[in-house]
Structure formats: C-alpha cells, structure tokens
Amino acid sequence: MPTLTDISTLIVNTPGTCGSRPRIADTRITVQYIINEIKSGMTPEEIIEDKPYLTIAGIYTVLAYYYANKESLDIEPTRYQEECQRLEAEYKTNYSDHC
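The shown structure was predicted, so the numbers you read here are calculated from the model rather than taken from an experiment.

Focus on the pattern of salt bridges
When their charged atoms lie close together, side chains carrying opposite charge are able to pair. Per the stated rule, a full pass over the model turns up five salt bridges. Two residues, aspartate 74 and lysine 39, come together in a salt bridge whose shortest N-O distance is 3.6 Å. On the criterion of sequence distance, the pair formed by aspartate 74 in helix H4 (residues 70-74) and lysine 39 in helix H1 (residues 31-39) is long-range, its members being 35 residues apart. Taking relative accessible area as the criterion, aspartate 74 reaches 29% and is therefore assigned partly exposed.

So this is what it looks like as structure tokens:
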C-alpha cells in the first residue's frame, strides 16, 4: 500500500530562510514565486518543466495555501517592495555619509 503524504508538510516557513516566507519544503522556491508564475500565465506543468525537482503535488499545495491565505499573501509583494526601497535609501544615505 502506498504511503500517504500529509500535505501540511509540503509548505514550510523557516526563520532565516527565504526571508522567512512560506516555501515548498526542501526547496528555496517560495509560495509567492509560484503564484507569480501562475499569474503570469504558466501552468503547473510548465513550472515543473522549468524546475523538474518540484512535484505537481507541491505546486497544487502552493495554490491551496495561497487561496487559503490570499488576503495576507496578496499584500506581501507590496511589503517586499517597500522593504527594498527602505534598504536602498538607507544604503544610499550611509554610502554618501562615508564618501
């Protein structure tokens, strides 16, 4: 009899890895990355063609995770962009202070 996989183990969130963003277990592929690929028109099968170490179960688990947490995940790209802008401004300030 085949072993059943608990799908709750397919998405992990590890402090210090991938900015602590949810990702596919045993990879550095974030939920947001997969969602961005899907939103750009890629199919789960095309994603796997590009990244053959992923599984169809992992991709569909990402989709389920996304739709279960859509509200909070949809604001993540905005937060990320704001953090990048803040760090860039901080770097420019610190760099110009030392030149």
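Now that the structure has been shown, we can carry on.
Overview of the nonpolar core
Membership of the largest hydrophobic core comes to 13 residues, with the highest contact counts inside it found for Ile24, Val31, Ile34, Ile35, Leu54 and Val62. Elements with a minimum of two residues in this core: H1 and helix H3 (56-68). Among the elements that make up this core, the one with the highest residue count is H3 (four residues). When sequence neighbours within four positions are dropped, the list of residues in contact with leucine 54 reads Ile24, Thr27, Ile29, Ile34, Ile47, Ile48 and Ile59.

Quick word on the confidence of the model for the chain
For the chain, per-residue confidence averages 88 on the pLDDT scale, and 96% of positions sit at 70 or higher. Confidence, expressed as mean pLDDT per element, reaches its minimum in the chain at helix H5 (residues 76-98) with 77 and its maximum at helix H2 (residues 44-50) with 96.

As for the side chain of lysine 51
Within the secondary structure, lysine 51 sits in the loop between H2 and H3. Judged by its relative accessible area of 15%, lysine 51 is buried. Within polar-contact distance, the side chain of lysine 51 engages the side chain of tyrosine 33 at 3.4 Å. Look past the residues within four positions of lysine 51 in its chain and what remains in contact with it is Ile29 and Tyr33.

Brief notes about the packing of H1 against H3
Where H1 contacts H3, the two axes come as close as 10 Å, and the packing angle between them is 95 degrees. Between H1 and H3, the crossing angle belongs to the class labelled roughly perpendicular. Side by side, H1 and H3 meet where Val31, Ile34, Ile35, Ile38 and Lys39 of the first sit next to Ile59, Val62, Leu63, Tyr65 and Tyr66 of the second. Looking at the contact of H1 with H3 residue by residue, the class counts come to nine nonpolar, no polar and one charged.

Topic: the environment of isoleucine 11
Its place among the elements puts isoleucine 11 in strand E1 (residues 11-12). Between the C-alpha atoms of isoleucine 11 and alanine 89, which are 78 residues apart in sequence, the distance is 33 Å. If sequence neighbours within four positions are ignored, isoleucine 11 has contacts with Pro22, Arg23, Ile24, Ala25, Val31, Thr61, Val62 and Tyr65.

Cut-offs used in this document
- Residues numbered from 1 in each chain as written.
- Predicted model: local features only at pLDDT ≥ 70, side-chain atom pairs only at ≥ 80, totals over all residues.
- Heavy atoms only, no water.
- Salt bridge = Lys/Arg side-chain N within 4 Å of Asp/Glu carboxyl O.
- Helix = DSSP H or I, 4+ residues; strand = E, 2+ residues; numbered from the N terminus.
- Buried < 20%, exposed > 50% of the residue type's maximum accessible area, 1.4 Å probe, protein only.
- Core = buried A, V, L, I, M, F, W, Y, C linked by side-chain atoms within 4.5 Å.
- Contact = heavy atoms within 4.5 Å.
- pLDDT = per-residue confidence, 0-100.
- Polar contact = N/O pair within 3.5 Å; in protein donor to acceptor, adjacent residues only side chain to side chain.
- Axes fitted to C-alpha atoms, helices over the stretch in contact; angles between N-to-C directions.
- Parallel < 35°, antiparallel > 145°, perpendicular 65-115°, else oblique.
- Nonpolar A, V, L, I, M, F, W, Y, C, P; charged D, E, K, R; others polar.

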